[in-house]
Amino acid sequence: MSKKYTSVLLQRDGAVEASGVDAGVAAHYGAPTREARSLFDGTAVADLSHLDILQLRGEDRLTWLDTISSQRLSDLKPGQSTQSLLLSVQGRVEHELKILAADDLLWISAEPGRGEPLAEYLNSMRFMSRVEVVDCSNTHGVIASTRPRPELGDVVWENPWPNVIGGGHAYSTGEHPGLERPWFEYIVPLEQLASLVGDLSLAGTMAVEALRIAAWEPRFIVDTDDKSIPHELDWLRTAVHLNKGCYKGQETIARVHNLGHPPRRLAMLHLDGSMHTLPAPGSPVKDGERVVGRVTSVALHYEAGPIALATLRRNVQPDAELVVQDGESSYPAAQEVIVSPEAGQVAGRFTGFLRPPRG
């Protein structure tokens, strides 16, 4: 069962608990921007022990999960990490799975509160397959770092973002800022959390989010809604294999990628910092008088200043003068394109092929 959780590390001096999806761990320990720099430099670690953890056991675990999810998993080797999605028939993202292969099981981490519904869904899809789903959310959590930390153990998920892994496709162009932020998530027993961290410097979730937004990486639940498809988030890089066998939602994945365009697209916004405040997630993004999107994540970065991720309509021009409106406060915003307005239509539209030849 997913945990209602309070981290023992909240007892550290200066710890201030996060709210919302990250409740139960520290938002910061007194200096969020300094913590973000230390986390980026690899001198601090982050307490993400509120993440939910599952194990998938049984000899069919790889081939079975391969058939129902968006990533090719059947040839995953012990020690390898990947990311996969469970989609609706319409191709909308219903679950995200961070997967680490061990010798005789798969470790799966999920967003806080998502472990229980994920386990229920997986159990509903077992049928005659030799698999067992075990919810370890009450006994295990995550410590994150931007560099390897062998002292934290050997059960570590290495984030594939932003590399384009086999069968994937990139919807952003140019050098990707996510390459500057490697990311390792160590799955650890909660009873050993304090002893494993010891006297290491800690960074809170505000620091984690600042680095994630700067790396253009979407977060399930935070940057998605019930209409999100992977193309809008550039998740075809790491979470979707375009050449694997049939799974639920595959038709939409193929149709949008080959013949269409995603209706929305993720963008990064550089916000005017003169307000000395940040807009709330969910604030509308306006192009003139038109609402053209919503802010999904926002943070204060130690170098870039106030930044945000936003989901915009596909046809919003990259050079549009955007404004984020939060109540009476307006924040001018400069856009960095993550998902190109031209994303998709890789194969082109086969128009005119039923017409007779000219002349």
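All values reported here derive from a predicted model rather than from experimental measurement. (Residues numbered from 1 in each chain as written. Predicted model: local features only at pLDDT ≥ 70, side-chain atom pairs only at ≥ 80, totals over all residues. Heavy atoms only, no water.)

**Student:** Before we move on, could you go through the UniProt feature "binding site: substrate" (unreviewed entry) in the protein chain and cite the residues and values that matter?
**Tutor:** Feature annotation in UniProt assigns "binding site: substrate" (unreviewed entry) to the following positions: Glu185. In this fold, Glu185 is placed in strand β11 (residues 184-189). Judged by its relative accessible area of 3%, Glu185 is buried. Apart from the residues lying within four places of it in its own chain, the contact partners of Glu185 are Leu48, Leu51, Lys98, Ser109, Val142, Ile143, Ala144, Val155, Val156 and Trp157. One polar contact links Glu185 to Lys98, side chain to side chain, over a distance of 3.3 Å. (UniProt positions renumbered as here; feature names shortened; annotations may be inferred. Helix = DSSP H or I, 4+ residues; strand = E, 2+ residues; numbered from the N terminus. Buried < 20%, exposed > 50% of the residue type's maximum accessible area, 1.4 Å probe, protein only. Contact = heavy atoms within 4.5 Å. Polar contact = N/O pair within 3.5 Å; in protein donor to acceptor, adjacent residues only side chain to side chain.)

**Student:** How would you sum up the side chain of His257? Please name residues and give values.
**Tutor:** Checked against the element boundaries, His257 lands in helix α6 (residues 250-259). The residues touching His257, leaving out its near neighbours within four places in the chain, are His169, Tyr171, His231, Leu236, Leu242, Gly344, Gln345 and Val346.

**Student:** Could you give an account of the packing of helix α1 (residues 32-41) against helix α5 (residues 205-214), with specific residues and numbers?
**Tutor:** In the contact formed by α1 and α5, the axes pass within 8 Å of each other and the chain directions differ by 60°. By the angle between their axes, α1 is oblique relative to α5. Seen along the crossing, α1 lies across α5 with a hand that is right-handed. Contact residues: α1 offers Pro32, Glu35, Ala36, Leu39 and Phe40, while α5 offers Met206, Ala207, Val208 and Leu211. Its residues assigned to classes, the contact of α1 with α5 shows eight nonpolar, no polar and one charged. (Axes fitted to C-alpha atoms, helices over the stretch in contact; angles between N-to-C directions. Parallel < 35°, antiparallel > 145°, perpendicular 65-115°, else oblique. Left-handed = near helix turned anticlockwise from the far one by under 90°. Nonpolar A, V, L, I, M, F, W, Y, C, P; charged D, E, K, R; others polar.)

**Student:** Please give an account of the pairing of strand β17 (residues 322-326) that cites residues and values.
**Tutor:** As paired elements, strand β14 (residues 284-287) and β17 share three bridges and run antiparallel to each other. From the neighbouring strand, Val285 faces β17, where its bridge partner is Val324. One ladder, built from five bridges, connects β17 with strand β18 (residues 329-337); its direction is antiparallel. Within β18, the position partnered with Val323 by the bridge is Pro332. In textbook terms, the turn of a hairpin is the stretch between consecutive antiparallel strands, and for β17 and β18 this stretch comprises two residues, one of which, Gly327, has a positive phi near 60°. (Pairing = 2+ DSSP bridges.)

**Student:** Residues and numbers for the sheet that holds strand β8 (residues 132-135), please.
**Tutor:** Strand order in the open sheet formed by five strands is β5-β6-β7-β4-β8, and the pairing between neighbours is antiparallel. Strands with a single pairing partner mark the edges of an open sheet, and in this sheet they are β5 (81-87) and β8. Adjacent strand axes in the sheet meet at a mean angle of 30°, parallel and antiparallel pairs treated alike. The pairing of β5 with strand β6 (residues 93-101) spans seven bridges and is classified as antiparallel. Looking across to β6, one finds that Leu85 is bridged to Glu96. Contacts between helix α3 (residues 115-124) and the sheet are confined to β4 (52-57), β5, β6, β7 (105-110) and β8, with β4 contributing the most and set at about 20° to the helix.

**Student:** Any details on unusual backbone geometry? Residues and values, ideally.
**Tutor:** Pro162 follows Trp161 through a cis peptide bond whose omega is 5°. Along the chain, the position of Pro162 falls in the loop between β10 (156-158) and β11. Of note, the phi angle at Phe127 is positive, near 50°, even though the residue is not glycine. Along the chain, the position of Phe127 falls in the loop between α3 and β8.

**Student:** Explain the UniProt feature "domain: GCVT N-terminal" (unreviewed entry) in the protein chain residue by residue, including any values.
**Tutor:** As recorded in UniProt, the feature "domain: GCVT N-terminal" (unreviewed entry) lies at residues 33-144. Between the end C-alpha atoms of residues 33-144 there is a gap of 17 Å, over a span that is 24% helix and 37% strand.

**Student:** Would you mind going over the nonpolar core in detail, with residue names and values included?
**Tutor:** Judged by nonpolar contacts, the single largest core of 24 residues is most densely connected at Leu85, Trp235 and Ile338. Of all the elements in the fold, those that place two or more residues in this core are β5, α5, β13 (264-271) and β16 (305-313). In this structure, this core is formed jointly by two domains, domain 1 (10-219) and domain 2 (261-337), each of which donates at least three residues. Leu85 has contacts with Ser69, Ser70, Val93, His95, Glu96, Pro230, Trp235, Ala239 and Val240, leaving out every residue within four places of it along the chain. Counting 22 residues, the second largest nonpolar core, distinct from the first, contains Ala44, Ala46, Val142 and Trp157. (Core = buried A, V, L, I, M, F, W, Y, C linked by side-chain atoms within 4.5 Å. Domains from an automatic or database assignment.)

**Student:** I'd love a proper account of the layout of surface pockets, names of residues and values included.
**Tutor:** Rolled over the atoms, a probe sized like a water molecule indicates the empty space that remains. The calculated volume of the largest pocket comes to roughly 580 Å³. Counting residues per element, the ones that place at least two in the lining of the largest pocket are α1, α5 and β15 (290-301). If you tally residues by element for the lining of the largest pocket, the top one is β15, at five residues. Looking at the lining of the largest pocket, its residues break down into 12 nonpolar, six polar and four charged. Counting contributing residues, the lining of the largest pocket receives three or more from each of domain 1 (10-219) and domain 2 (261-337). In this structure, the second largest pocket occupies an estimated 230 Å³ of space. Lining the second largest pocket are 15 residues, with Pro177, Glu180, Ala214, Ala215 and His301 sitting closest to its centre. Secondary-structure elements contributing two or more residues to the lining of the second largest pocket are α5 and β13. (1 Å grid on protein atoms, 1.4 Å probe; cavity = no way out; pocket = protein on both sides within 12 Å on 5 of 7 lines; lining within 4 Å. Points joined across faces, edges and corners; volume = space filled by probe spheres on them.)

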